[in-house]
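What the coordinates show
Residue-level listing of the chains:
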Amino acid sequence: MRTATAEQLSRYSLDLLTASGANQESAEAATWALLHASLHGVDSHGIRLLPWYAECLRSGKVNGMPNVRMEMVRKAAARLDADGGLGHLAMYRAMDEACAIARDCGIGMVAVVHSTHFGPAGAYTLAAAEAGFIGLVTGNSVAYVVPHDGRTPIHGTNPISFATPNSNGEPFLMDMATSSFPWNKVLRYRTEGLELPQGVAVDTHGHFVTDPHQAVALAPVGGQGFGFKGAALAGVADILSGVLTGMRISTQQDHDALCDVELGHFVMAIDPTLFMPLTAFGSGLQAYLDGFKSQPGTYAAGGPEWERRKIRERDGIPLPEGLYAELRDAAGAAEIGFAL
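Cut-offs applied
Residues numbered from 1 in each chain as written. Predicted model: local features only at pLDDT ≥ 70, side-chain atom pairs only at ≥ 80, totals over all residues. Heavy atoms only, no water. Helix = DSSP H or I, 4+ residues; strand = E, 2+ residues; numbered from the N terminus. Buried < 20%, exposed > 50% of the residue type's maximum accessible area, 1.4 Å probe, protein only. Expected span 1.5 Å × (residues − 1). Arc of directions from axis to C-beta. Contact = heavy atoms within 4.5 Å. Core = buried A, V, L, I, M, F, W, Y, C linked by side-chain atoms within 4.5 Å. Axes fitted to C-alpha atoms, helices over the stretch in contact; angles between N-to-C directions. Parallel < 35°, antiparallel > 145°, perpendicular 65-115°, else oblique. Left-handed = near helix turned anticlockwise from the far one by under 90°. Salt bridge = Lys/Arg side-chain N within 4 Å of Asp/Glu carboxyl O.

What follows deals with unusual backbone geometry. At D83, a residue that is not glycine, the phi angle is positive and equals roughly 55°. Residue placement: D83 occurs in the loop between β3 (77–81) and α4 (87–105). With phi around 70°, D149 is a residue other than glycine that occupies positive phi space. Relative to the assigned elements, D149 resides in the loop between β5 (134–139) and β6 (160–164). The exposed category is assigned to D149, whose relative accessible area is 72%.

The structure is reproduced here in C-alpha cells:
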C-alpha cells in the first residue's frame, strides 16, 4: 500500500486548502487537526476529509477568511463566533481561550457558534492536555443515528472527547463517537470496498446490515442490546453543543454535513492544580494507566492511538487506492501539483 509522511501530507493539505480559498490560519488549523487523526489511526476523520473541505471552500458554503470573534459572557465563560469558517480554527482558538480562562479561574468554558465540521475532537482536548489542563469537547452532527430500537435518526454521531495531562507519560485521551461507528467510516468503507462490522448500521427498514452501500443510518453505542447508553450520551452532546449554544440540534442540520455553517460546539478546560500539584495529578494518573499493564493486550483510552502513532511516524500514513485517487482528483480540481 502507498504511504506518505506527515510532512508530505501537511504540504499537500496546506496547498489544497489555500488554493481552495482558505486563509493561512484556517488551512494550518485544519491541517494540524486532520494530521492528528491520521497519525493516530483515526482515518475516518483524517486526511480523507480534505477533498470535502476543499469543495466546501470552493463552493463558498464555508468561509475561507472568517472574522473569528471572542466575547466574554462571564468571568469563566466566553462565546466564540466562528463566522462560518472551518471548524478547526474555531476549536483551537476556543480551547486556547478555555485554558487561559482556567489558568485564572480554575475552569474555563467556551461556546462556539456559527461553526462548521471540526474533524477529530481529540485534537483539541489533546491540545489542552499538552498545555497542562483537562480538556472536554462535545460536538453534534446531522442526524444519522437511530435511537435505541428505532429506525428514524434522532442524533448525529455526536462526539465526546476528554483528555488529561500526564507529567509521567502519555496523556489519557478519549475521543469517541456516541454512535456505534462514525458515519465518515461508513463512507471510507464504501471507498475501500470493506464490509461493516455486525450491529453498527441499519438499512431503510431499521435492519442491521454489513454492506456499507445499504447502510442509511447508524446504531448508538451499545448496539442492539444496550444502545440506550449511547443514545443518552448522544443527548448530552446534542444539549451542550446544539441547545446550550443556540445552534442546531442534530435533526435540524443540513445533510451536507461538512458545509453546515450553523453548528455549535462546547469546549471546557479544567486546571488540575485547583486540587493538587500537577506532578501529583500525573502520578495518580500514571498509577491508573499502569494498571492496564498487568493485563497485556488491554489499553486505557488513547492507548491504541499512541501505538499507531509510533508505527505511522516510522512507516508513514497509509494511502489506500481509493483515498489516493480522491486526493489526486482534489489536487486537479484545485489546479495544484500532486506529489504524494
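This paragraph deals with helix α10 (residues 321–334). If you check α10, its first and last C-alpha atoms are 20 Å apart, about what 14 residues at 1.5 Å a residue would give, namely 20 Å. When we look at burial in α10, the residues that qualify are L323, Y324, L327, A330, A331 and A334. Projected down its long axis, α10 shows its buried positions confined to an angular sector of 125°, all on one face. Opposite the buried face of α10, by more than 90 degrees, sit the exposed residues E321 and G332. Packing partners of the buried residues in α10 comprise β1 (2–4), α1 (6–19), α3 (50–58), α6 (183–192) and β11 (317–319).

Time to look at the side chain of Q286. Mapped onto the elements, Q286 comes out in helix α8 (residues 278–290). Look at Q286 and you get buried, because its relative accessible area is 16%. Setting aside its immediate chain neighbours within four residues, Q286 contacts N166, N168, G169 and K293.

Moving on: the nonpolar core. By size, the foremost hydrophobic cluster in this structure holds 30 residues, and its most contacted members are L17, I47 and L319. Within the residue set of this core, elements represented by two or more residues are α1, α2 (24–39), α3, β11 and α10. Examining the composition of this core, we find that six residues originate from one element, α10, more than from any other. In contact with L319, other than residues within four places in its own chain, are M1, R2, T3, A4, L9, I47, Y324, L327 and L340.

This part takes up the packing of α1 against α10. How two helices sit against one another is set out by the angle between their axes and by the gap between those axes. Taken N-terminus to C-terminus, the directions of α1 and α10 make an angle of 40°; their axes are 9 Å apart at the nearest point. Relative to α10, α1 is oriented oblique. In this structure, α1 meets α10 at a crossing whose hand is left-handed. Counted together, Y12, L16 and A19 of α1 and L327, A330, A331 and A334 of α10 form the full contact between these two elements.

Tracing the backbone through its elements, the reader meets G106 in the loop between α4 and β4 (107–115). Each C-alpha atom of the pair G106 and F133 lies 9.6 Å from the other, and the pair is 27 residues apart in sequence.

Within the secondary structure layout, V216 lies in the loop between β8 (201–202) and β9 (217–218). Along the chain, V216 and G230 lie 14 residues apart, while their C-alpha atoms are 18 Å from each other. Look past the residues within four positions of V216 in its chain and what remains in contact with it is Y144, W183, V202, D203 and T204.

To continue, consider the pattern of salt bridges. All chains considered together, the criterion is met by 13 salt bridges. Put simply, R308 and E305 hold a salt bridge, and the shortest N to O gap is 3.7 Å. Taken together, the residues span about one helical turn, with R308 and E305 both in helix α9 (residues 303–315) at a distance of three residues. D329 serves as the salt-bridge partner of R328, at 3.6 Å between the closest nitrogen and oxygen. Take R328: its relative accessible area is 40%, and that puts it in the partly exposed class. For D329, a relative accessible area of 48% puts it in the partly exposed group.

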